[in-house]
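Chain residues, written in single-letter form:
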Amino acid sequence: MFKKNKIYWFEGVTEKGVKALLNDENPKYRWLRQQRNRRILVILMAVGLVLISMGSYWPTLKTNLNLSPEVGVVVYSVTAIFVILAMVGGYSFLRIAVRSIADAPDELLDERQIAVRNTSFRYAYFILGYVLMGLMVLMFFGPELQMFKPEGNDGSYLVIAIFFTCAALPSMILAWRERDI
Amino acid sequence: MLFSMSRNPEEPVYNRIEEARTALGLTRQELADKVGVHYQTIGYLEREEYSPSLVLALRIAKALNQEVSELFSQTPFKKGK
């Protein structure tokens, strides 16, 4: 009999999807189980987050490269789309690398997985607090120190970076610290 | 390590899960299925990197036909005992 696939809307996962990752049903993701590869993915994600958060500086880079305004806009837009798509792809791989443990509901995990998931969220919460504190300092002192002058939509890059950080940080911590996942 | 997985790293819980499991000819996956956990959790338990809850300890003892006190101890087990 066909069993209905339960969707966990709040967590953004499905029962079959999580169980498939937990039970290694797809061998093509085995390379993501190695801690070294998971850590490389975490580093790439962190670099991507920094790149997005610095989106406000990209126009300055465009000016420094002496590109014409038309070419500059194309380069700027394509780069922005590429970085954001790369982040979405990286986030998808990250979820696979940690078997969706950071996103799965309690009923699909065992007690150790729930314990490590909860610990990762606790640390993610602290790290996020420090990141936001750093941004607050940057917003406050940046204009004074000629470091950061947000104009127009510049702040939207910070919001996008924070959104990705909130979504990915627990999985990044799990992927970094767990020897076996 | 950034943070420990053990419930209380100062007070380790030693176990004989691997010995009892292999004596019954069970794989980690088979024991995991019997007690309702992921197979890697059995690995963490056998390496004494994770201390189980009382409920899980009771389920493991039942699956391995042992008493909890025969499987778990706060002092290291003597080899071959």
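Fair warning: this is a prediction, and the values are worked out from it, not measured in the lab.

A. Highlighting the overall build of chain A. Within chain A, the secondary structure is distributed over six helices and two strands. For chain A, the proportion of contacts with a sequence separation of at least 24, taken over those separated by at least 6, is 73%. When the accessible area of chain A is evaluated, it comes to approximately 10900 Å², of which 69% is carbon and sulfur surface.

B. The confidence of the model for chain B, seen in detail. Across chain B, the average pLDDT comes to 87, with 85% of residues at or above 70. Two summary scores accompany this predicted model of the complex, namely pTM at 0.82 and ipTM at 0.84.

C. Here's a closer look at unusual backbone geometry. One non-glycine residue, A:Arg99, lies in positive phi territory at about 55°. On the secondary structure map, A:Arg99 appears in the loop between α4 (69–97) and α5 (111–141). Look at A:Arg99 and you get buried, because its relative accessible area is 1%. At B:Glu48, a position not held by glycine, the phi torsion is positive, near 60°. As for its placement among the helices and strands, B:Glu48 is situated in the loop between α3 (39–46) and α4 (54–63).

D. Summary view of the UniProt feature "transmembrane region" (unreviewed entry) in chain A. Residues and elements named next belong to chain A. UniProt's entry tags residues 40–59, 71–94, 123–143 and 155–176 with the feature "transmembrane region" (unreviewed entry), counted in the numbering of this structure. Taken end to end, residues 71–94 is 100% helix and 0% strand, and its first and last C-alpha atoms sit 34 Å apart. This span, residues 123–143, is 90% helix and 0% strand, and a straight line between its end C-alpha atoms measures 31 Å.

E. Here's a closer look at the interface of chain B and chain A. Contacts between the two partners involve 17 residues from chain B and, on the opposite side, 16 residues from chain A. Interface area for chain B against chain A, summed over the two sides, is near 1500 Å², with a carbon-plus-sulfur share of 49%. Where chain B touches chain A, the interface holds one salt bridge. Of the charged contacts, one joins A:Arg179 and B:Glu49 as a salt bridge, the two residues approaching to 2.9 Å between their closest N and O atoms. With four residues, α3(B) is the single largest residue contributor to the side of chain B that touches chain A. Of the residues contributing to the side of chain B that touches chain A, the split by class is nine nonpolar, five polar and three charged.

F. Fine view of the packing of aromatic side chains. One pass over the structure, following the stated rule, counts three aromatic pairs over all chains. A ring pair is formed by A:Phe140 and A:Phe141, whose centres lie 4.9 Å apart and whose planes are at 85°; its orientation type is edge-to-face. Above the face of the B:Phe77 ring, B:Arg16 is positioned so that its terminal group lies 5.6 Å from the ring centre.

G. The arrangement of α4(B) in detail. Among all positions in α4(B), only B:Leu56, B:Ala57, B:Ile60, B:Ala61 and B:Ala63 are buried. Along α4(B), the residues classed as buried sweep out an arc of 165° about the axis, all on the same side. In this structure, α4(B) carries B:Leu54, B:Val55 and B:Lys62 as exposed residues pointing more than 90 degrees from its buried face. Each element contacted by the buried residues of α4(B) is listed here: α5 of chain A together with α1 (17–23), α2 (28–35), α3, α5 (68–71) and β2 (72–73) of chain B. Positive backbone phi, approximately 55°, marks B:Asn65, located one or two places after α4(B).

What counts and how
- Residues numbered from 1 in each chain as written.
- Chains lettered and ligands numbered in written order.
- Predicted model: local features only at pLDDT ≥ 70, side-chain atom pairs only at ≥ 80, totals over all residues.
- Heavy atoms only, no water.
- Helix = DSSP H or I, 4+ residues; strand = E, 2+ residues; numbered from the N terminus.
- Contact = heavy atoms within 4.5 Å.
- Areas by Shrake-Rupley, 256 points an atom, 1.4 Å probe, with all protein chains shown as cover.
- pLDDT = per-residue confidence, 0-100.
- Buried < 20%, exposed > 50% of the residue type's maximum accessible area, 1.4 Å probe, protein only.
- UniProt positions renumbered as here; feature names shortened; annotations may be inferred.
- Buried area = accessible area lost by both parts, 1.4 Å probe.
- Salt bridge = Lys/Arg side-chain N within 4 Å of Asp/Glu carboxyl O.
- Nonpolar A, V, L, I, M, F, W, Y, C, P; charged D, E, K, R; others polar.
- Phe/Tyr/Trp six-rings, centres within 6.5 Å; stacked < 30°, edge-to-face > 60°.
- Lys NZ or Arg CZ within 6 Å of the ring centre and 35° of its normal.
- Arc of directions from axis to C-beta.

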